[in-house]
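# Residue-level structure breakdown
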Amino acid sequence: MQINISARHGHLTDSTQQKIQSKVQKLVRFFDRVTAIVVTVDLRRSDSPEVEIRVSAEHTEDFVAADSGNNVLAALDSATRKAEQ
């Protein structure tokens, strides 16, 4: 499985990227045919960053979840919960 993390309008630190990767790896437990996860963080508004998670799996359409929050990790938690559902 491939995980791709990117940022728009800013830069993510290595520690933040590692936290994002560890959180989205847990999505595999819900669907074992996951082939790729793409996380895009939009830092245009520093007070409310947006996170989009796109999960690609075999024989199905992509799962997409997005949300914003007070910080990147809060937005990631919310978007991850949406992807799990």
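Before reading on, note that the structure itself is shown above.
Everything in this summary refers to the structure shown in the same document.

Basis of the calculations
- Chains are numbered independently. Their residues run from 1 in the order of the written sequence.
- Confidence filtering applies because this is a predicted model: local features only for residues at pLDDT of at least 70, side-chain atom pairs given and counted only at 80 or more, and all residues used for totals across whole chains, interfaces and linings.
- Side-chain figures throughout are based on the complete set of non-hydrogen atoms in the structure, without hydrogens or water.
- What counts as a helix is a DSSP run of H or I of at least four residues, what counts as a strand is a run of E of at least two, and both are numbered from the N terminus.
- The buried label applies to any residue whose accessible area, calculated with a 1.4 Å probe on protein chains only, is under 20% of its type's maximum; exposed applies above 50%, and partly exposed to all values in between.
- The salt bridge criterion pairs a side-chain nitrogen of Lys or Arg with a carboxyl oxygen of Asp or Glu, the two atoms within 4 Å.
- Only buried Ala, Val, Leu, Ile, Met, Phe, Trp, Tyr and Cys residues count toward a nonpolar core, and they belong to the same one when joined by side-chain atoms within 4.5 Å.
- Contacts between residues were defined by any pair of non-hydrogen atoms, one from each residue, lying within 4.5 Å.
- Looking down the strands as they point away from you, a crossover is right-handed if its path from the first strand over the helix to the second goes clockwise.
- Paired strands, in this sense, are two strands between which DSSP finds at least two bridges.
- Expected helix span is computed as 1.5 Å times (number of residues minus one).
- Polar contact is defined as a pair of N or O atoms within 3.5 Å, subject to the rule that within protein one atom must be able to donate a hydrogen and the other to accept it, and that residues adjacent in sequence are counted only when both atoms are side-chain atoms.

### Regarding the environment of Leu73
Residue placement: Leu73 occurs in helix α2 (residues 72-84). You can call Leu73 partly exposed: its relative accessible area is 27%. Distance from Leu73 to Val51, taken between C-alpha atoms, is 8.9 Å for residues 22 residues apart in sequence.

### Observations regarding the pattern of salt bridges
Summed over the entire model, instances satisfying the criterion amount to eight salt bridges. We note a salt bridge from Asp42 to Arg8, for which the minimum N-O separation is 4.0 Å. A residue pair is termed long-range when its members are at least 10 positions apart, and Asp42 in strand β2 (residues 34-42) and Arg8 in strand β1 (residues 2-8) qualify at 34 residues. Note on Arg8: relative accessible area 42%, which makes it partly exposed.

### Let's talk about the nonpolar core
Counting residues in each nonpolar core, the largest one holds 17 residues, and the members touching the most others are Ile20, Val24, Ile37, Val39, Val41, Val51 and Ile53. Contributing elements (two or more residues each) for this core: α1 (14-24), β2, β3 (50-57) and α2. Filtering out sequence-adjacent residues up to four positions away, Val51 remains in contact with Val39, Thr40, Val41, Ala65, Ala66, Asp67, Val72, Ala75, Leu76 and Ala79.

### Regarding the pairing of β2
In terms of residue burial, β2 counts as a mostly covered element, since seven of its nine residues are buried. Since β1 and β2 lie parallel, the crossover through α1 that links them has a hand, and here it is left-handed. Summarising the sheet, β2 and β3 pair through eight bridges and their orientation is antiparallel. If you follow Val34 over to β3, its bridge partner there is Ala57.

### What about α2?
The terminal C-alpha atoms of α2, which comprises 13 residues, lie 18 Å apart, in line with the 18 Å expected from a rise of 1.5 Å per residue. Taken together, the buried positions of α2 are Val72, Ala75, Leu76, Ser78, Ala79 and Thr80. Tucked into the core, α2 has its buried residues touching α1, β2, β3 and β4 (63-68). Where α2 begins, the side chain of Asn71 points an oxygen toward the backbone nitrogen of Leu73, at a separation of 3.1 Å.

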